[in-house]
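Close look at the chain arrangement
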Amino acid sequence: MLIAAILTLAVGTYTMRLAGVVLRDRLELSDQLQRLLPMAAAALLAALATTAALMEGTGFAGIARPAGVVVGALLAWRRAPFVVVVLAAAATAALLRLAGVE
């Protein structure tokens, strides 16, 4: 069952990529839609990141994970090196969990 799902997703992904190449010259998008598509992609990415930061399974992930994400976001905003951002976010979440804050 798992292999069938992986193969189906792989074929779907390849088909969508191929459709973009094949339909590039045949499909004309309005200027308004061309401006909207990048914003829609950014909104989708933000929604996925928010869901991953706040949810664990079907429930709230607790305070430690969002706190780590906030620390990482602040460091990234301050243009800290990527390794520092990741380590500080992970350390924040780990220390809060170690302190008993879920």
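I will try to describe carefully the structure that is included in this document. Keep in mind it's a predicted model, so treat the numbers as computed, not measured. Per chain, the residues get numbers from 1 upward, laid out in the order the sequence is written. Given that this is a predicted model, residues contribute local features only at a pLDDT of at least 70 and side-chain atom pairs are listed and counted only at 80 or more, while totals for whole chains, interfaces and linings are drawn from all residues. Each side-chain value is worked out from all heavy atoms of the structure, with water and hydrogens disregarded.

**Topic: the overall build of the protein chain**
When helices and strands are tallied, the protein chain shows 4 helices and 2 strands. A radius of gyration in this sense is built from C-alpha atoms; the matching globule rule multiplies 2.2 Å by the number of residues raised to 0.38. The C-alpha radius of gyration computed for the protein chain amounts to 20 Å, which surpasses the reference 13 Å derived for 102 residues by more than 25%, pointing to a less compact arrangement than a globule. Each principal axis of the C-alpha distribution contributes one length, and for the protein chain these read about 60 × 40 × 25 Å. Three exposure classes are used, based on accessible area relative to the maximum for each residue type with a 1.4 Å probe and protein chains only: buried under 20%, partly exposed in between, and exposed over 50%. Split into buried and exposed, the 102 residues of the protein chain put 11% on the buried side. By definition, residues are in contact when any of their heavy atoms lie within 4.5 Å. Excluding contacts between residues fewer than 6 apart, the proportion of contacts in the protein chain whose partners are at least 24 apart in sequence is 38%. Areas reported as accessible are Shrake-Rupley estimates using a 1.4 Å probe. Residue values count occlusion only from the protein chains shown. Roughly 8,500 Å² of accessible area belongs to the protein chain as shown, and the carbon and sulfur atoms make up 72% of that amount. For the protein chain, the distance from the average position of its 8 positive side-chain charges to the average position of its 5 negative side-chain charges is 7 Å. Under the scheme used here, helices are H or I runs from DSSP no shorter than 4 residues and strands are E runs no shorter than 2 residues, and both carry numbers assigned from the N terminus. His residues and chain termini do not enter the charge count, which takes Lys and Arg as positive and Asp and Glu as negative. Here the site of a charge means atom NZ of a Lys, CZ of an Arg, CG of an Asp or CD of a Glu.

**Describing the pattern of salt bridges**
Put simply, a salt bridge is a Lys or Arg side-chain nitrogen that is within 4 Å of an Asp or Glu carboxyl oxygen. A full pass over the atoms with the stated rule returns 1 salt bridge. A salt bridge links R65 to E56; its shortest N-O distance comes to 3.1 Å. Overall, R65 belongs to the partly exposed group, its relative accessible area being 24%. Among the residues examined, E56 registers a relative accessible area of 48% and is labelled partly exposed.

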